[in-house]
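The chain contents come next:
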Amino acid sequence: MKLLWGLLGSLRDILPIAGTILVFQLWVIRRPLPNVYRLLRGLVFVIIGMALFLEGLEMALFPLGDLMAAQLTGPDFIPPQGAVMMDYLWVYLFAASLGFATTLAEPSLIAVALKAQEISGGAIHAWGLRLAVSVGVAFGIALGAYRIVSGGELFLFILSGYLVVLFQTFFAPSMIIGLAYDSGGVTTSTVTVPLVTALGLGLARSVPGRDVLLDGFGLIAFASLFPIMTVLGYAQVATLFSRMRG
Amino acid sequence: MVASCIDLAPVLIVVLIFQLGVICEPLPNVVDMIGGMLLIVLGLTFFVIGLEQALFPLGESMAYAFARKGSLPWLLAFAFCLGFATTIAEPALIAVADKAAQVASGGGVIASTDQARQQYALGLRLTVALAVGVALVVGVMRIVRGWPLHWLMIVGYAIVMMITGFAPPEIIGIAYDSGGVTTSTITVPLVTALGVGLAHSIKGRNPVVDGFGLIAFASLTPMMFVMIYGMVSM
């Protein structure tokens, strides 16, 4: 029954994109739909897949993020009174490992990195770029976790981050700028986002003095900001080296 | 199937290492966890196969077609609809919007009824979708007219910071997150196709410099729009 509701919900969510493509194809471009059967089958697959995925998130990933946050801030790790910021070291470490591992394996990033290597004539190395983005995400999520624990103002962190990015933009080679700005948004995948969100909410719930509503969100923002920095930095260093060699 | 497993594998590895090596406790609800993971892998597989069979080939060829010879108004209309519609279908955003609604109702910002939560989550998603649509319109105009990317980004972030000063503090976190959440499985390939197609079809445009950058806008405008949504609805 629940799955049926899920399927109906997915159908509603898919309608706009299916409608957009149909209307523009038939009305504006005025071309018949190629291979209608395949199209319909694909849409059915999308709807089933979305319903199953969302159900799985509720069953596994959301509870998992919550649980990890609760366990890592539990009495085994944090002394009952007088906890200082550094007692949460395992939380930061978990956040960083999660960010690093998921980003390094992210398929869309692999594709983008290869493209960037090809276009830059080898000055940017695909592996170097992937490492740069992964380190950026890892550092970003860890710092975001620190912000939740310490209760700092989100916009101050993000504002200073953007000032750094701004500063770097003026010194980075122009071909990398679009790619760097994009890399922030691209890397946070469909699997990572829910888990990281749950981790943040769980942290805000478990750390004394924090409010889920005020402090729980913001990790994804960190994860999208810091790769911009590391990619710009990497490009600056890479061009510097290739210039020195040439 | 393989691709979805690869998506999930690093998450599982990190979690297992921490569970076994650091926390040293057996996972509770192992059956639910494993069942949920299987559903995620299965769901993602179906989802991606379906996208690749139905939406991506058609969407990409349309994006190219519009970029090459469409009139500007139609091109902009297509860009808006594409941004709006792909965002509504983005699974990560659906999940996060639901979470945000739960948190908001738990914190007393909205009523704690199912209806209020659903309304809030849907409102959030519609707002983000509208924002991505507008972002693509601006982004396409930028590519057509050749405006420099970094100036627009600077102005954009200045506006974000300004709105932050007026927005209710409860909305800021989710607003800042929404930018990164939206650009995911469906949006990125279709939007990139539009950008690269455009940059190819206009003389003097470099696909690398101009083709990328649409996603950057799409992660910027949701911050503004969601904060405004928070100001209006709270």
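Parameters and conventions
- Residues numbered from 1 in each chain as written.
- Chains lettered and ligands numbered in written order.
- Predicted model: local features only at pLDDT ≥ 70, side-chain atom pairs only at ≥ 80, totals over all residues.
- Heavy atoms only, no water.
- Helix = DSSP H or I, 4+ residues; strand = E, 2+ residues; numbered from the N terminus.
- Buried < 20%, exposed > 50% of the residue type's maximum accessible area, 1.4 Å probe, protein only.
- Contact = heavy atoms within 4.5 Å.
- Axes fitted to C-alpha atoms, helices over the stretch in contact; angles between N-to-C directions.
- Parallel < 35°, antiparallel > 145°, perpendicular 65-115°, else oblique.
- Left-handed = near helix turned anticlockwise from the far one by under 90°.
- Expected span 1.5 Å × (residues − 1).
- Core = buried A, V, L, I, M, F, W, Y, C linked by side-chain atoms within 4.5 Å.
- Domains from an automatic or database assignment.
- Salt bridge = Lys/Arg side-chain N within 4 Å of Asp/Glu carboxyl O.
- Phe/Tyr/Trp six-rings, centres within 6.5 Å; stacked < 30°, edge-to-face > 60°.
- Lys NZ or Arg CZ within 6 Å of the ring centre and 35° of its normal.
- Buried area = accessible area lost by both parts, 1.4 Å probe.
- Polar contact = N/O pair within 3.5 Å; in protein donor to acceptor, adjacent residues only side chain to side chain.
- Nonpolar A, V, L, I, M, F, W, Y, C, P; charged D, E, K, R; others polar.

Novice: I would appreciate a short explanation of the overall build of chain B in the present structure.
Specialist: Secondary structure assignment for chain B yields 10 helices and 0 strands. Seen in sequence order, chain B has helices and strands lined up from the N terminus as α-α-α-α-α-α-α-α-α-α. Reported as C-alpha extents along the three principal axes, the dimensions of chain B are approximately 60 × 45 × 35 Å. By the burial criterion, 58% of the 234 residues in chain B qualify as buried. A sequence separation of at least 24 residues applies to 80% of the contacts in chain B between residues at least 6 apart.

Novice: Can you help me understand the packing of helix 3 (residues 72-88) of chain B against helix 8 (residues 187-201) of chain B in this one?
Specialist: Between two packed helices, both the angle of their axes relative to each other and the distance between the axes serve to describe the pair. Residues and elements named next belong to chain B. Contact geometry of helix 3 with helix 8 gives a least axis separation of 9 Å together with a crossing angle of 160°. Considered as vectors, helix 3 and helix 8 are oriented roughly antiparallel to each other. For the pair helix 3 and helix 8, the sense of crossing is left-handed. Residues Leu75, Phe78, Ala79, Leu82, Thr86 and Thr87 of helix 3 form the contact with helix 8, whose own contacting residues are Thr187, Leu190, Leu194 and Leu198.

Novice: Would you mind showing me how to read helix 4 (residues 91-106) of chain B here?
Specialist: Since the α-helix packs 3.6 residues into each turn, any two residues three or four apart lie on the same face. All names here are of chain B. Counted at 1.5 Å a residue, the expected span for helix 4 with its 16 residues is 22 Å, and the 23 Å between its end C-alpha atoms agrees. In terms of burial, helix 4 is largely enclosed, as 13 of its 16 residues are buried. Of the residues trailing helix 4, Gly108 is marked for its positive phi of about 80°.

Novice: Please explain the nonpolar core as it appears in this structure.
Specialist: As a rule of thumb, nonpolar side chains are buried together in soluble globular proteins. Core analysis: the largest hydrophobic core is formed by 162 residues, its most contacted members being Leu61(A), Phe94(A), Ile158(A), Tyr120(B), Tyr176(B), Leu194(B) and Met227(B). Looking at this core element by element, the count peaks at 16 residues for helix 2 (residues 30-69) of chain B. Two domains each put at least three residues into this core: domain 1 (1-58) and domain 2 (73-245) of chain A. The contact partners of Tyr176(B), leaving out residues within four places of it in the chain, are Leu154(A), Phe155(A), Ile158(A), Ala221(A), Val160(B), Met161(B), Thr164(B), Met223(B) and Met227(B).

Novice: Would you take a moment to explain the pattern of salt bridges for this structure?
Specialist: Close approach of charged atoms lets side chains of opposite charge pair. Evaluated as defined, the whole model comprises 4 salt bridges over all chains. Here Asp13(A) and Arg125(B) are joined by a salt bridge, their closest N and O atoms 2.7 Å apart. Of this pair, Asp13(A) sits in helix 1 (residues 2-28) while Arg125(B) sits in helix 5 (residues 114-145), each in a different chain. The salt bridge partner of Asp66(A) is Arg205(A), with a shortest N-O separation of 3.2 Å. Of the two residues, Asp66(A) is situated in helix 2 (residues 36-72) and Arg205(A) in helix 8 (residues 192-206); the sequence distance between them amounts to 139 residues. Take Asp66(A): its relative accessible area is 29%, and that puts it in the partly exposed class. Residues joined in a network through salt bridges with shared partners are Arg12(A), Asp13(A) and Arg125(B).

Novice: It is not clear to me how the packing of aromatic side chains should be interpreted in this structure. Could you clarify?
Specialist: The way to describe two aromatic rings as a pair is by their centre distance and the angle between their planes. By the definition in use, this model includes 14 aromatic pairs over all chains. Aromatic pair Tyr92(A) and Tyr146(A): ring centres 6.0 Å apart, planes at 65°, arrangement edge-to-face. Residue Tyr92(A) is found in helix 3 (residues 89-104), and its partner Tyr146(A) is found in helix 5 (residues 126-150); the two are separated by 54 residues along the sequence. On the basis of an interplanar angle of 65° and a centroid distance of 6.1 Å, the ring pair of Phe170(A) and Trp151(B) is categorised as edge-to-face. One end of the pair, Phe170(A), is in the loop between helix 6 (154-169) and helix 7 (174-186); the other, Trp151(B), is in helix 6 (residues 149-166), on a second chain. Given the relative accessible area of 47%, Trp151(B) is considered partly exposed. Members of the aromatic cluster, joined through ring pairs, are Phe139(A), Phe157(A), Phe222(A) and Phe226(A). It is Arg130(A) that lies over the ring of Trp127(A); its NZ or CZ is 4.4 Å from the centre. The side chain of Lys99(B) reaches across the aromatic face of Phe62(A), ending 4.2 Å from its centre.

Novice: What is the right way to look at the interface of chain A and chain B in this model?
Specialist: Interfaces are often sized by the accessible area lost when the parts come together. Listed per partner, the contact involves 86 residues of chain A and 91 residues of chain B. When chain A packs against chain B, close to 7900 Å² is buried across both sides, 80% of that on carbon and sulfur atoms. A per-residue breakdown of the area chain A buries against chain B is headed by Phe24(A), Leu213(A) and Phe217(A), which together make up 9% of the total. Counting across the chain A and chain B interface gives 1 salt bridge. Applying the counting criterion to the chain A and chain B interface returns 7 residue pairs in polar contact (both at pLDDT 80 or more). For the side of chain A that touches chain B, the leading source of residues is helix 2 of chain A, giving 26 residues. Taken together, the residues of the side of chain A that touches chain B break down into 60 nonpolar, 18 polar and 8 charged.

Novice: I'm lost on the environment of Gly50(B) in this one. Help?
Specialist: Tracing the sequence through the fold places Gly50(B) in helix 2. Sequence-distant contacts of Gly50(B), that is, excluding residues within four places in its chain, are made with Gly42(A), Phe45(A), Val46(A) and Leu55(B).

Novice: Looking at this structure, how should I read the domain arrangement of chain A?
Specialist: Domains assigned within chain A are domain 1 (1-58) and domain 2 (73-245). Taking only C-alpha atoms into account, the centre of domain 1 of chain A sits 33 Å from that of domain 2 of chain A.

Novice: Explain the side chain of Gln19(B) to me, please; I cannot follow it from the model alone.
Specialist: Looking at where Gln19(B) falls in the secondary structure, it is placed in helix 1 (residues 2-23). Overall, the relative accessible area of 2% leaves Gln19(B) in the buried class. Residues within four places of Gln19(B) in sequence aside, it is in contact with Leu67(A), Met68(A), Gln71(A), Cys24(B), Glu25(B) and Leu27(B).

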